[in-house]
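# Structural overview for review
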Amino acid sequence: MKRWTSFWFATTNRHSIGAFRIFLCAWFIGDFLDFLPALDVLLRRPLGLEVPSAGYRWLPPIIPASWEPAETLAVLRGFAWILAPLALLGVGTRFSLLALALVNFALRSWHSSWVYVAHASILPSLALFVLAFAPGVKAWSVDALLEAWRSRRRGEKFAWAERLAGRPAVVWPVHLILAAAALIYVSAGVAKLRWAGGDWLTGRTLQWYLQGTAGKKRLGDSTQFFVADREAPAEARFRDPWGIERIANSTMSTPTGRAVGSSRALCVALSWATLFLELGFALLFVLPRAGQYALLAGAALFHAGIGALMGIDFGGWAVLFLAAVDWNAVIRRAGEFLPGLHASRIP
């Protein structure tokens, strides 16, 4: 029990939640450049086919029901553009993060209410909620800078870097985010063994995706989108003679991906490496620090490979791994070369 309590609530200066806040919010700003303008497509989708996602149904009514969809989208997008920079800079840090988390979650959930689910943004979106309640999140913020400036005016003497970095904080925010990521990776590895078994290890599944077969909707294969159901009940015959029976969430591979997909040996090696990496996350909190960094770096390279071979961007997941970096040590080392930050040069 003592070890379990220490795992979640021990204090350490190894992690900087404030530095991680900056990286995560910077990623959201970059992602918003593509995501927010693309939401106009929601206004052209038939409301009769909307199936609100669970997250969308759980959200409190932050927008009046009487508003039109276009009006709702304009308001939410406006708030997103305002709140993301405020959260990055740390202006009204906790309020900005919580409001950004709610607005972002509303937009992502609405976007996912027509079957498609943007897996790449789910965990980063949940991480915003964690940060909103995380101790130490005001480190390296405008809020912290203003508090330090007021203290200096009262005559206090301190090193600016140490004051902005804040006191050592409990580790549960970092461990919670990494534990959620580890659970998803391990679940993905178990799913491969459970549903594909030896077929995944032969490389044929990966090769099928990389060769571009997944993007070709051919009658008879597993990407078949429309099938006739001659025995459909009366209430379902509005779609007669064709209806959506199942959907394969797939994408066309890149030219590099198709080149790799032409080699069975490479596909076998990548399939085994993927499985070992995903199942290896079960050891994330058992490994020494060097092992943790190696595993997280491997996962970042894994997502970079997915982007290069399949054109799917999971950059937000790689940003989450930055929570594990000892940013305070990096900042302390940088302070040795920045006269204004180094403690020994503060009068």
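Let's shift gears to the pattern of salt bridges. Per the counting criterion, the structure on display carries 6 salt bridges. Among the salt bridges present, the one from Arg77 reaches Asp40, with a minimum N-O distance of 2.9 Å. One end of the pair, Arg77, is in helix H4 (residues 69–89); the other, Asp40, is in the loop between helix H2 (17–38) and helix H3 (54–58), with 37 residues separating them in the sequence. For Asp40, a relative accessible area of 32% puts it in the partly exposed group.

Across its 25 residues, helix H9 (residues 172–196) extends 35 Å between first and last C-alpha, which sits within 8% of the 36 Å expected from 1.5 Å per residue. Phi turns positive one or two residues past the end of H9, at Gly197, with a value near 60°.

This next bit is on the nonpolar core. Ranked by internal contacts, the top residues of the largest apolar core, which has 65 residues, are Leu24, Phe32, Leu97, Leu107, Tyr185 and Phe281. With 6 residues, the next largest nonpolar core counts Ala139, Ala144, Leu164 and Ala165 among its residues.

Attention shifts here to the packing of helix H13 (residues 264–280) against helix H14 (residues 289–310). Where H13 contacts H14, the axes come no closer than 10 Å and their chain directions differ by 140°. Taken together, the axis directions place H13 and H14 in an arrangement best described as oblique. Classified by chirality, the crossing of H14 by H13 is left-handed. Residues Leu270, Thr274, Leu277, Glu278 and Gly280 of H13 pack against Leu295, Gly298, Ala299, Phe302 and Leu309 of H14. Looking at the contact of H13 with H14 residue by residue, the classes come out as 6 nonpolar, 3 polar and 1 charged.

Before going further, it helps to spend a moment on the packing of aromatic side chains. Enumeration according to the criterion identifies 11 aromatic pairs in this entry. Centre to centre, the rings of Trp27 and Phe28 are 4.9 Å apart; their planes meet at 75°, and the pair counts as edge-to-face. Trp27 gets classed as buried once you look at its relative accessible area, which sits at 15%. Aromatic pair Tyr185 and Phe281: ring centres 4.4 Å apart, planes at 20°, arrangement stacked. Here Tyr185, found in helix H9, pairs with Phe281, found in the loop between H13 and H14; they are 96 residues apart in sequence, far enough to count as distant. With respect to burial, Tyr185 and Phe281 carry one shared label: buried.

Bringing the side chain of Asn104 into the picture now. Relative to the elements of secondary structure, Asn104 occurs in helix H5 (residues 93–111). Under the relative-accessibility criterion, Asn104 is labelled buried at 0%. Setting aside chain neighbours within four positions, we find Asn104 in contact with Phe28, Phe32, Ser125 and Leu128.

On to the packing of H9 against H13, then. Put simply, H9 and H13 touch, their axes get as near as 7 Å, and they point 135° apart. The orientation of H9 relative to H13 falls into the category oblique. Our pair here, H9 against H13, has a crossing hand that is left-handed. Together, Tyr185, Val186, Ala188, Gly189, Val190, Lys192 and Leu193 of H9 and Thr274, Leu275, Glu278 and Leu279 of H13 make up the contact between the two elements. Grouping the constituent residues of the contact of H9 with H13 by class yields 7 nonpolar, 2 polar and 2 charged.

Attention now moves to the confidence of the model for the protein chain. For the protein chain, the average pLDDT comes to 82, and 80% of its residues sit at 70 or higher. Counted against residues more than four places away or in other chains, residues 217–227, with its pLDDT under 50, gives 30 contacts. Contacts for the low-pLDDT stretch residues 240–247, under 50 throughout, to residues beyond four places or in other chains number 22 contacts.

Conventions used here
Residues numbered from 1 in each chain as written. Predicted model: local features only at pLDDT ≥ 70, side-chain atom pairs only at ≥ 80, totals over all residues. Heavy atoms only, no water. Salt bridge = Lys/Arg side-chain N within 4 Å of Asp/Glu carboxyl O. Helix = DSSP H or I, 4+ residues; strand = E, 2+ residues; numbered from the N terminus. Buried < 20%, exposed > 50% of the residue type's maximum accessible area, 1.4 Å probe, protein only. Expected span 1.5 Å × (residues − 1). Core = buried A, V, L, I, M, F, W, Y, C linked by side-chain atoms within 4.5 Å. Axes fitted to C-alpha atoms, helices over the stretch in contact; angles between N-to-C directions. Parallel < 35°, antiparallel > 145°, perpendicular 65-115°, else oblique. Left-handed = near helix turned anticlockwise from the far one by under 90°. Contact = heavy atoms within 4.5 Å. Nonpolar A, V, L, I, M, F, W, Y, C, P; charged D, E, K, R; others polar. Phe/Tyr/Trp six-rings, centres within 6.5 Å; stacked < 30°, edge-to-face > 60°. pLDDT = per-residue confidence, 0-100.

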